[in-house]
Amino acid sequence: MSSSEAPATTEPQGPGGRGKSGSPRRIPVVGVVTEDEDAQGALKPTDLNRIIKLLEETGKDDLEEKQVKCVKKLVQYYQNGFPLRDIAQIFTILNLCAGKIENQPCFMEPAYDIIKLCRLPFLKKKASDEITYAEDTANSIALLGDLMKIPSSELRIQICKCIVDFYHAEPPKKHITGYQQASSMYKIQMAEVGGLAKMMVQSLALLENQLVEKLWVLKALQHLSTSEVNCSLMVKAQAASGICVHLNDPDPSGQLLFRSSEILWNLLEKSSKEEIVQQLSNLKCLLALKEAFKHLFMRGFSHYDRQLRNDILVITTIIAQNPEAPMIECGFTRDLILFATFNEVKSQNPLVKGLKLSNSYEDFELKKLLFNLIVILCKDLPTLQLLIDGKVVLALFTYVKKPEKHKITEWSAAQSEELQLHAIATLSSVAPLLIEEYMLCQGNARILAFLEWCESEDSFFSHGNSFHGTGGRGNKFAHLRYTLRLLRAMVYLEEETVNQDLCEQGAIQQLIGIFKNTISKFNDKEEAIILEIQSDILLILSGLCENNVPRKEIFGTEGVDIILHVMKTDPKKFQSGLGYSVLLFSTLDSIWCCILACYASEDYFLEKEGIFLLLDLLALNQKKFCNLILGIMVEFCDNPKTAPHVNTWRGKKDQTAASLLIKLWRKEEKELGVKRDKHGMIIDTKRPLFTSFQEEQKVMPLPANCPTVAVMDVAENIRAKIYAVLGKLDFENLPGLSTEDFVTLCIIHRYLDFKIQATHKQRELANKSWENFLARTSNAKTLKKAKRLQEKAIESSRYSERPPNAILHQTDIKGLNTTVPSGRVVAVESTPARLVGGPLADTDIALKKLPIRGGALQRVKAVKVVGDPKKSIPA
């Protein structure tokens, strides 16, 4: 007999699917599996709706027992997993059971068992089931988060285990005929769609004092936070701040701090970093991070503790980048500075008493992280006083020295080198902010002494393993590069005390010597780092010599020689992208600052054909260099010895300097869109220099401290400089010019006239305005005509239709015979002096009688007062 034909009076089957001996079979509520079908592991449709209806019933005496028994059979039936088509009904049953737990604890076990089965992969009959039942599955999985409200430790832990198993799914116990396992990512995707992560974050608020459940929830969140979608949901639930404030809750296992930090890491990596930082930038979170870090720093000795300590420090570093974070207020900044410097500067602070860092990888990373954090903290100006109190500059300068031989240190040679380079790089950010501390530490002397070691032939093998050591393996180039960066940062402060001290200690001569040595050591392998070193040296020399003739004299011929050496570089290398362009810019800057205005250096530069080299560079026609080179040419042309050099120079195809300059003028005008005919003649005579950019540009209001468009036009394009150079060559007897060149030369010659022309136009407009004003005031007909035109213009500017519910205010003043716009300002003239007696009149009005005579008040003579003035009678 088939299961559909079984009588309703039969006894229930046993677990194996066989009925009792001699008893007829009947359909159980959850369906029947025959002996053959059970062997094959087949599933048959179950009357789940009947179970739901049964669970919804109330009031009967034996109902509870039937309901529990029914759900237990359901669990037994789905021992190998839930089909996707039944998910919605199964979770409805789960929800009904969960709702009865508070008053009927016997429903706890079946609810627990259903959740436990959710740890198995879901089953699909068709490939399309994953799509067809996606919405039902997402809503069902979201119910797991809602069930966390039930105050049952076992149930909550089982829910968390279920979520963790989404990421570590167990294989089904038995293959079910006709069903396939859903994809391993299906549950994870449905959890994202259903918003499970947000509910799990919210459940943390219910577990303030339940450590075990809290650890399981954190474990579940740790898995969920590997997804960007879940991280976004968690951020909306304020997960970062909610988890961070409980970092230091009592936990003997140490899992709470570990899992919490992992979740914070995932949130920072996979969601909006700015939003996470904003959530963590409050006093409670920072205090929690501070205490956790201090505890691990002072009492953490295992590899695990040190790694966790460094993770928390990285999170703190990210928060410290937010200027609104109360790092100073919570005392975290002061402690971090102490931890960063206690090895170098001895401290009596009890926090670091007896502490010592090992040469383990974690402690080495900690030291570098603390250096990096100092760079971030120094950007906040209130931190500077704490840096001074912590003697940070002195601590960092302990690394700016040559390695001492045969000295036992806590770091290996490679670690010491990396920390040394990192400390010098940190000083480049900190020292410019603490000039007084820098000078007290004799910073200039230490740097110059270290540079001397960098140039020495002392046997030293650089490992070059780190980011800062790039390009420095087997040499001292990395040390030289970062030390010069530090020196450049100090020189560019333009602090005369620092620069004067450097020059007095022979910095200019030493830097020139270093540059010469880099030329002799030049090789293709370290090409990029050597070019950077040379560029920095020239920039430092420019900063020291600018506007100081005595220092330019010290720069002298040796300095000019290194500049000429760079200018002789193969022009093809300027396009190689290895720093040659930067080096050339630095060279041109040093010509401005170190040679010009020093006549001896100028003459030596000319003698060594420096102008020829400048014109060779100009002939390369690279726009990025042209403006600067022409500016230098303008200044050099003040020297009377320059003109012959300019006129003597010849380029390719016997091109002269004048021809080159005129060619550059035409090229510039073409790029600017100036209108010229095919012969180079002026087309628009009213605006001969007007560019297409100026035509397209709209009128924009600018602050008073911003240069105008006209000023920027002169500063940015090269026409003014070409005019100045040719002007100093007198525009006459210029060799090698074609007919077109002469036409262009005429335009260049009249450059200033065309620029004053705008001034003349403004004057003409002002004169015309004055003439119109005189005509209106002297001729009544002209005044009336102007008045009519004004009224017409006013009327045309008004709305043609009055807006609804608008109140119209009359703005015209009737009978006003003027064409000057009237405003709300009223001019009040002072009372005439004849009425008030003038500025020197007696102002003691207590003894005066001011009679009222039907007009203005006038002064009268007062009588002599006898006795009490209050009782006297005025005349």
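**What to know about the overall build of the protein chain**
No. 1: Scanning the protein chain from N- to C-terminus turns up 42 helices and two strands.
No. 2: Evaluated residue by residue, the protein chain yields a buried proportion of 45% over its 875 residues.
No. 3: Considering only intrachain contacts with a sequence separation of at least 6, the fraction spanning at least 24 residues in the protein chain is 73%.

**A look at the confidence of the model for the protein chain**
No. 1: With 81% of its residues at a pLDDT of at least 70, the protein chain reaches an overall mean of 83.
No. 2: Low pLDDT, under 50, characterises residues 1-44; the predicted model gives this stretch 66 contacts beyond four residues in sequence or across chains.
No. 3: Below a pLDDT of 50 lies the segment residues 843-875, which in the model reaches 24 contacts outside its immediate sequence neighbourhood of four places, other chains included.

**Some points on the environment of histidine 303**
No. 1: With respect to the helices and strands, histidine 303 occurs in helix 17 (residues 303-320).
No. 2: Side-chain polar atoms of histidine 303 contact the side chain of glutamate 362, separated by 2.8 Å.

**Re the side chain of glutamate 130**
No. 1: You can see glutamate 130 is positioned in helix 6 (residues 129-132).
No. 2: A polar atom in the side chain of glutamate 130 sits 3.2 Å from the side chain of lysine 124.
No. 3: Once residues lying within four places of it in the same chain are set aside, the contact partners of glutamate 130 are Leu84, Lys124, Ala182, Ser183 and Tyr186.

**As for the nonpolar core**
No. 1: Ile93, Met200, Ile591, Leu614, Phe636 and Leu726 are the most contacted members of the largest nonpolar core, which has 235 residues in total.
No. 2: Residue contributions to this core peak at ten residues, all from helix 28 (residues 527-545).
No. 3: If sequence neighbours within four positions are ignored, leucine 614 has contacts with Met567, Leu588, Ile591, Phe605, Ile629, Ile632, Met633 and Phe636.

**Observations regarding the state of the cysteines**
No. 1: Summed over the entire model, instances satisfying the criterion amount to zero disulfides.
No. 2: Of all cysteine sulfurs in the structure, the one in cysteine 70 sits closest to cysteine 97, which takes part in no disulfide; the separation is 9.1 Å.
No. 3: Overall, cysteine 97 belongs to the buried group, its relative accessible area being 0%.

**Some thoughts on a positive patch on the surface**
No. 1: A cluster of basic residues, Lys781, Lys784, Lys785 and Arg788, forms a positive patch at the surface.
No. 2: Take lysine 781: it is sitting in helix 41 (residues 780-796).
No. 3: In this structure lysine 781 comes out as exposed when scored by relative accessible area, which is 70%.

**With respect to helix 30 (residues 580-595)**
No. 1: In this model, helix 30 (16 residues) spans 21 Å end to end at C-alpha, consistent with the 22 Å of a helix rising 1.5 Å per residue.
No. 2: Burial analysis of helix 30 places twelve of its 16 residues in the buried class, the great majority of the element.
No. 3: The first or second residue beyond helix 30 is alanine 597, which carries a positive phi of 80°.

**What to know about the packing of aromatic side chains**
No. 1: The final tally for this structure, using the stated rule, is 17 aromatic pairs.
No. 2: When the ring of phenylalanine 371 is compared with that of tyrosine 399, the centres are 5.7 Å apart and the planes differ by 90°; the resulting orientation is edge-to-face. In this pair, phenylalanine 371 sits in helix 19 (residues 361-377) while tyrosine 399 sits in the loop between helix 21 (392-397) and helix 22 (413-430), placing the two residues 28 residues apart along the sequence.
No. 3: An aromatic cluster of three or more residues is present, and its members are Phe293, Phe297, Phe332, Phe339 and Phe342.
No. 4: Directly above the ring of phenylalanine 107 sits lysine 100, whose terminal nitrogen or CZ lies 5.8 Å from the centroid.
No. 5: A cation over an aromatic ring shows up here: arginine 485 above the ring of tyrosine 482, its NZ or CZ 4.8 Å from the ring centre.

**Here we look at the pattern of salt bridges**
No. 1: In total, this model carries 24 salt bridges according to the counting rule given.
No. 2: The residue aspartate 335 makes a salt bridge to lysine 294 at a minimum N-O spacing of 3.8 Å. With a gap of 41 residues between them, aspartate 335 in helix 18 (residues 332-341) and lysine 294 in helix 16 (residues 283-299) connect regions that are remote in the sequence. Here the two residues aspartate 335 and lysine 294 agree in accessibility, since each one is buried.
No. 3: Note that arginine 306 is salt-bridged to aspartate 363, the shortest N-O span being 3.9 Å. Within this pair, whereas arginine 306 is found in helix 17, its partner aspartate 363 is found in helix 19, the two being separated by 57 residues in sequence.
No. 4: On the basis of relative accessibility, which here comes to 18%, the residue arginine 306 falls in the buried class.

**With respect to the packing of helix 2 (residues 48-56) against helix 4 (residues 87-100)**
Helix-helix packing: each pair is described by the crossing angle between the helix axes and the interaxial distance.
No. 1: Put simply, helix 2 and helix 4 touch, their axes get as near as 10 Å, and they point 15° apart. Regarding the angle of helix 2 to helix 4, the classification is roughly parallel. The interaxial crossing formed by helix 2 with helix 4 has left-handed handedness. Seen from helix 2, the contacting residues are Leu48, Asn49, Ile51, Ile52, Leu55 and Glu56; seen from helix 4, they are Gln89, Ile90, Thr92, Ile93, Leu96, Cys97 and Lys100.
No. 2: Partitioned by chemical class, the residues of the contact of helix 2 with helix 4 number eight nonpolar, three polar and two charged.

**What about unusual backbone geometry?**
No. 1: At aspartate 730, a position not held by glycine, the phi torsion is positive, near 70°.
No. 2: Among the structural elements, aspartate 730 can be located in the loop between helix 38 (719-728) and helix 39 (739-749).
No. 3: One non-glycine residue, asparagine 733, adopts positive backbone phi at about 55°.
No. 4: Here asparagine 733 is to be found in the loop between helix 38 and helix 39.

**So, helix 9 (residues 186-194)**
No. 1: Taken across its nine residues, helix 9 has seven buried, putting it largely inside the fold.
No. 2: Tyr186, Lys187, Ile188, Met190, Ala191, Glu192 and Gly194 are the residues of helix 9 that are buried.
No. 3: Tucked into the core, helix 9 has its buried residues touching helix 6, helix 7 (134-146), helix 10 (196-203) and helix 12 (228-236).
No. 4: Phi for glycine 195, located one or two positions after helix 9, is positive at around 75°.

**Focus on the packing of helix 29 (residues 549-567) against helix 30**
No. 1: Running from amino to carboxyl end, helix 29 crosses helix 30 at an angle of 150°, the nearest separation of the two axes being 10 Å. Classified by the angle their axes make, helix 29 and helix 30 are roughly antiparallel. Judged by the twist between their axes, the crossing of helix 29 over helix 30 is left-handed. Contacts between helix 29 and helix 30 involve Lys552, Phe555, Val560, Ile563, Val566 and Met567 from the first element and Leu583, Thr587, Ser590, Ile591, Trp592, Cys593, Cys594 and Ile595 from the second.
No. 2: The residue makeup of the contact of helix 29 with helix 30, split by class, is eleven nonpolar, two polar and one charged.

**Overview of the environment of lysine 608**
No. 1: Along the chain, lysine 608 falls in the loop between helix 31 (599-607) and helix 32 (610-619).
No. 2: It is 8.7 Å that separates the C-alpha atoms of lysine 608 and aspartate 561, two residues lying 47 residues apart in sequence.

Reading guide: rules and limits
- Residues numbered from 1 in each chain as written.
- Predicted model: local features only at pLDDT ≥ 70, side-chain atom pairs only at ≥ 80, totals over all residues.
- Heavy atoms only, no water.
- Helix = DSSP H or I, 4+ residues; strand = E, 2+ residues; numbered from the N terminus.
- Buried < 20%, exposed > 50% of the residue type's maximum accessible area, 1.4 Å probe, protein only.
- Contact = heavy atoms within 4.5 Å.
- pLDDT = per-residue confidence, 0-100.
- Polar contact = N/O pair within 3.5 Å; in protein donor to acceptor, adjacent residues only side chain to side chain.
- Core = buried A, V, L, I, M, F, W, Y, C linked by side-chain atoms within 4.5 Å.
- Disulfide = S-S within 2.5 Å.
- Patch = residues over 30% accessible without salt bridge, like charges linked within 9 Å, V, L, I, M, F, W, Y side chains within 5 Å.
- Areas by Shrake-Rupley, 256 points an atom, 1.4 Å probe, with all protein chains shown as cover.
- Salt bridge = Lys/Arg side-chain N within 4 Å of Asp/Glu carboxyl O.
- Lys, Arg positive; Asp, Glu negative; His and termini not counted.
- Charge placed at Lys NZ, Arg CZ, Asp CG, Glu CD.
- Expected span 1.5 Å × (residues − 1).
- Phe/Tyr/Trp six-rings, centres within 6.5 Å; stacked < 30°, edge-to-face > 60°.
- Lys NZ or Arg CZ within 6 Å of the ring centre and 35° of its normal.
- Axes fitted to C-alpha atoms, helices over the stretch in contact; angles between N-to-C directions.
- Parallel < 35°, antiparallel > 145°, perpendicular 65-115°, else oblique.
- Left-handed = near helix turned anticlockwise from the far one by under 90°.
- Nonpolar A, V, L, I, M, F, W, Y, C, P; charged D, E, K, R; others polar.

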